[in-house]
Amino acid sequence: MAKDAKTPKKPKKAKGPQVPENAISIAAHPRAAYGVKRAKGIGGLVGLLLVGLLSLQAGAPAADIGLRALIGGVLGYVTFWTLALHTWRHLIVAEARAAAQRARAILDAADESAREPAA
């Protein structure tokens, strides 16, 4: 016996804190999202190459060089990712403040011109 009428499912409640739609987000900012992706890639490569070369110069066995380089790559990835997020947070907030100041200046100028008597 199958049900002919499907009952609509209740929407699931989102887990975690609710974020307003107009909140500033790094993922929603096009330059920031690209910058964070690029930093993660560069960090992984820098960590991998740096640790690999240092292990090679130290005379470690090939398996150890590979393992150390892989761990160095992961650490470089996470480090650069953290630094990129921190940097972009500050840059986005500064951009928002500058935009608010420009808008305030435009509104003040429009208000001043409206106050002046027509000649």
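Residues numbered from 1 in each chain as written. Predicted model: local features only at pLDDT ≥ 70, side-chain atom pairs only at ≥ 80, totals over all residues. Heavy atoms only, no water.

1. Description of the overall build of the protein
Each helix and strand counted, the protein has two helices and zero strands in total. Taking 2.2 N^0.38 as the reference for a compact globule, 119 residues should give roughly 14 Å; the C-alpha atoms of the protein span a radius of gyration of 26 Å, well beyond that estimate. Across its three principal axes, the protein shows a C-alpha extent of roughly 85 × 70 × 20 Å. When the 119 residues of the protein are sorted by exposure, 18% land in the buried category. Sequence-distant contacts, at least 24 apart, represent 68% of the contacts inside the protein between residues at least 6 apart. Carbon and sulfur atoms form 65% of the exposed surface of the protein, whose accessible area is close to 10200 Å². Measuring between centres, the 17 positive side-chain charges of the protein sit 16 Å from its 8 negative side-chain charges. (Helix = DSSP H or I, 4+ residues; strand = E, 2+ residues; numbered from the N terminus. Rg over C-alpha atoms; globule rule 2.2 N^0.38 Å. Buried < 20%, exposed > 50% of the residue type's maximum accessible area, 1.4 Å probe, protein only. Contact = heavy atoms within 4.5 Å. Areas by Shrake-Rupley, 256 points an atom, 1.4 Å probe, with all protein chains shown as cover. Lys, Arg positive; Asp, Glu negative; His and termini not counted. Charge placed at Lys NZ, Arg CZ, Asp CG, Glu CD.)

2. Considering the packing of helix H1 (residues 30-58) against helix H2 (residues 62-115)
It is the contact of H1 with H2, at a shortest axis distance of 6 Å, that shows an interaxial angle of 150°. Taken together, the axes of H1 and H2 are roughly antiparallel relative to one another. By crossing handedness, the relation of H1 to H2 is classed as right-handed. (Axes fitted to C-alpha atoms, helices over the stretch in contact; angles between N-to-C directions. Parallel < 35°, antiparallel > 145°, perpendicular 65-115°, else oblique. Left-handed = near helix turned anticlockwise from the far one by under 90°.)

3. Section: the pattern of salt bridges
Inspection of the entire model under this criterion finds two salt bridges. Of the charged contacts, one joins Glu95 and Arg31 as a salt bridge, the two residues approaching to 2.2 Å between their closest N and O atoms. Separated by 64 residues along the polypeptide, Glu95 in helix H2 and Arg31 in helix H1 bring together distant segments of the chain. For Arg31, a relative accessible area of 48% translates into the label partly exposed. In this structure, the salt-bridge partner of Asp111 is Arg115, at a minimum N-O distance of 2.9 Å. Residue Asp111 and its partner Arg115 are both found in helix H2; the two are separated by four residues, about one turn of the helix. We classify Asp111 as partly exposed; its relative accessible area is 35%. Given the relative accessible area of 62%, Arg115 is considered exposed. (Salt bridge = Lys/Arg side-chain N within 4 Å of Asp/Glu carboxyl O.)

4. Quick word on the side chain of Ser55
Within the element layout of this structure, Ser55 appears in helix H1. Judged by relative accessible area, Ser55 falls into the buried class, the value being 6%. Ignoring sequence-local partners within four residues, the contact set of Ser55 consists of Ala60, Ile65 and Arg68.

5. Here's the deal with H1
Between its terminal C-alpha atoms H1 stretches 42 Å, which fits the 42 Å expected from 29 residues at 1.5 Å a residue. Among all positions of H1, only Ala32, Gly35, Val36, Ala39, Gly43, Gly44, Gly47, Gly52 and Ser55 are buried. In the core, the buried residues of H1 are packed alongside H2. Following H1 by one or two positions, Gly59 adopts a phi angle in the positive range, close to 85°. (Expected span 1.5 Å × (residues − 1).)

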